[in-house]
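# Residue-level structure breakdown
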Amino acid sequence: VDWWGLIAAGFEVRIWPDPLERTDWKMAGRPWRVLVRGETYIPVFLRNSENRELHKQHFARIAAYCELLQRQAGGVSPYGVILYAGTQDAVGIPNSNAAKRALADGTSGMRRLLGLLKGGLQPEPPPNKRLCFRCPYALLSRYHETPLRPEDTEPTLVEIGGKRYHSVCGDRFCWNPPREA
């Protein structure tokens, strides 16, 4: 997608004043910008990563913004745009059935997780442990005997070279996530 081409095609760049909401879905959010031409609304969000690979979450996010804009603004939102921060590079994502399915899968999974947490249960670690590699929450940090907050639970510790370490994820799920050495 050519960012300046969209502007030249007559799209007006707007900063949406308030978060978009859909109370029946308990969903709210606000895109970075919205391109508007007539009754067409194109949500735009910034992606700060140098990695240009798109994942299911990006399609779900576009579908969510499109749905919220269509509901609140009353127009059509056939696609969204991901703009790479610090560049003029952008990619268009159609508001397709696949994107809507990614949104439905993600929200139902999150609702299941929230139901577990409300019931006092902790979810299991991810079935694919490779997801934990390079995750910032799996990184080890030095363990300090004094908890930072009274509600902190007893951490799951790893001993390396006589020193004790833990990870935020490990503390929460009571396990030691795999990590790169």
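Residues numbered from 1 in each chain as written. Predicted model: local features only at pLDDT ≥ 70, side-chain atom pairs only at ≥ 80, totals over all residues. Heavy atoms only, no water.

## What about the nonpolar core?
If you look at the biggest cluster of nonpolar residues, it comprises 14 residues, and the most contacted ones within it are Trp 16, Leu 20, Met 27, Val 34, Tyr 41, Leu 69 and Leu 103. For this core, the elements supplying multiple residues, two or more each, are β4 (33–37), α2 (56–73) and α3 (97–118). When residues of this core are assigned to their parent elements, the largest contribution, five residues, is made by α2. Among all residues touching Leu 103, those that are not within four sequence positions of it are Trp 25, Met 27, Ala 60, Ala 63 and Ala 64. Within the second largest apolar cluster, nine residues are counted, among which are Phe 11, Ile 42, Val 81 and Ala 90. (Core = buried A, V, L, I, M, F, W, Y, C linked by side-chain atoms within 4.5 Å. Buried < 20%, exposed > 50% of the residue type's maximum accessible area, 1.4 Å probe, protein only. Helix = DSSP H or I, 4+ residues; strand = E, 2+ residues; numbered from the N terminus. Contact = heavy atoms within 4.5 Å.)

## Observations concerning the sheet that holds strand β5 (residues 40–47)
Strand order in the open sheet formed by five strands is β1-β4-β5-β6-β7, and the pairing between neighbours is mixed. This sheet does not close on itself; its edge strands, each paired only once, are β1 (12–14) and β7 (90–94). Averaged over all neighbouring strand pairs, the angle between strand axes comes to 30°, with direction disregarded. Pairing of β5 with strand β6 (residues 79–84) involves four bridges; the strand directions are parallel. The residue of β6 that forms the bridge with Phe 45 is Ile 82. (Pairing = 2+ DSSP bridges. Axes fitted to C-alpha atoms, helices over the stretch in contact; angles between N-to-C directions.)

## Digging into unusual backbone geometry
Unlike most non-glycine residues, Lys 26 shows phi in positive territory, near 55°. Tracing the chain through its elements places Lys 26 in the loop between β2 (20–22) and β3 (27–29). Lys 26 sits in the exposed class, given a relative accessible area of 76%.

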